[in-house]
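So the chains spell out like this:
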Amino acid sequence: MRKAWIAWLFASAALMACNAGGDQVRAVAPVAETTATEQSDANTALVIPNADGGLVVGSSESAGIEPYGLDGARRAQIAAGATVGLDARPVGGDQTGWIVATLDGAANRLRLFELNADAATATERTTREIPIGFSGESICLYRDARDQTLYAFALGGAGQVAQFMISRSADGAMDARHVRDLRVASEASYCAADDATGDLYVAEQGVGFWRFDADPEAEVVPELIDAVRLGNISEEAGG
């Protein structure tokens, strides 16, 4: 089934109203959406800045990477295998060039691309096969604010969380080395990292949201942030 991305929301004003009003609940509604994915399910999306105001970069599980303009029109379709997740970080300060990490769910391997946000084009820069060692569910990136080292976290259906350190040579070629394993008890469905604080957030689908220290040298002490049916989450923990 093809799906459309809910691309962007007028969420800021509603969130500020919630903060100001204590427990008051405000509705947040979508104001636009992209065209449907070209082949199959849409499973991850992010918005990155470009000369046109922004580029919606989505993953289509059988079609690869699909960039869209803020008008919702598809700009390109970039082959990347069975893309079950993606994340991006800028290459430099101008935010035109981006490193995009994807997880190929068919081959269960990490793939690394360089994306030109203005042109909506991408070139794969992976130098070799980078297997994650399990059935992949999703991926997220983390850039250490102390030394700018880039890491990828690959999530698995049995709760695996594998951390890889990404390296990039002068000619743009990229590789990744496994540095640490984390874990939750059941399916890890999505993750996100805060580069400023060094926190990694992992959604364990049937349990809730966990926080880890993203530093590969840190002790693995997960903290439960919210729990399904016991906290503020009434259904499964998603993205």
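About the thresholds
- Residues numbered from 1 in each chain as written.
- Predicted model: local features only at pLDDT ≥ 70, side-chain atom pairs only at ≥ 80, totals over all residues.
- Heavy atoms only, no water.
- Helix = DSSP H or I, 4+ residues; strand = E, 2+ residues; numbered from the N terminus.
- Buried < 20%, exposed > 50% of the residue type's maximum accessible area, 1.4 Å probe, protein only.
- Contact = heavy atoms within 4.5 Å.
- Areas by Shrake-Rupley, 256 points an atom, 1.4 Å probe, with all protein chains shown as cover.
- Pairing = 2+ DSSP bridges.
- pLDDT = per-residue confidence, 0-100.
- Axes fitted to C-alpha atoms, helices over the stretch in contact; angles between N-to-C directions.
- Disulfide = S-S within 2.5 Å.
- Phe/Tyr/Trp six-rings, centres within 6.5 Å; stacked < 30°, edge-to-face > 60°.

Points about the overall build of the chain
When helices and strands are tallied, the chain shows one helix and 17 strands. Residues counted as buried form 46% of the 239 residues belonging to the chain. For the chain, restricting intrachain contacts to residue pairs at least 6 apart in sequence, the fraction spanning at least 24 positions comes to 43%. As displayed, the chain has an accessible area near 11500 Å², and 50% of this comes from carbon and sulfur atoms.

Digging into the pairing of strand β5 (residues 64-69)
The element β5 is largely enclosed, with a buried count of six among its six residues. Once strand β4 (residues 55-60) ends, the chain turns through three residues before running back antiparallel as β5.

Examining the confidence of the model for the chain
Predicted confidence across the chain gives a mean pLDDT of 88, with 90% of residues reaching 70 or more. The low-confidence segment residues 5-21 (pLDDT under 50) makes 40 contacts with residues lying over four places distant or belonging to another chain.

Examining the sheet that holds strand β9 (residues 121-124)
Across the sheet, four strands lie side by side as β6-β7-β8-β9; this open sheet has antiparallel pairing. Of all the strands in the sheet, just β6 (83-90) and β9 have a single pairing partner and so form its edges. The mean angle between the axes of side-by-side strands here comes to 30°, regardless of whether they run parallel or antiparallel.

Quick notes on the state of the cysteines
Applying the stated criterion across every chain, the model contains one disulfide. Across a sulfur-sulfur distance of 2.1 Å, C140 and C191 are joined as a disulfide pair. Across the disulfide from C140 to C191, rotation about the S-S bond amounts to roughly -120°, and the bridge is consequently left-handed. Separated by 51 residues along the polypeptide, C140 in strand β10 (residues 136-143) and C191 in strand β14 (residues 188-194) bring together distant segments of the chain. The two residues C140 and C191 agree in class, both being buried.

A look at the pairing of strand β11 (residues 150-156)
Along β11, seven of the seven residues are buried, which leaves the element largely enclosed by surrounding structure. Along β11, one buried face is formed by L150, A152, A154 and G156 and the opposite face, lined by Y151, F153 and L155, is buried too. A loop of six residues connects β10 with β11, the two strands running antiparallel in sequence, and Q148 in this loop sits at a positive phi of about 65°. With six bridges connecting them, β11 and strand β12 (residues 160-168) associate as antiparallel partners. Looking at the pairing, A152 lines up with F164 of β12. Counting the residues between successive antiparallel strands, the hairpin from β11 to β12 contains three residues, one of them, G159, with a positive phi of roughly 95°.

Thoughts on the packing of aromatic side chains
Summed over all chains, the structure comprises one aromatic pair. Centre to centre, the rings of Y142 and Y151 are 6.0 Å apart; their planes meet at 20°, and the pair counts as stacked. Of the two residues examined, Y142 and Y151, each falls in the buried class.

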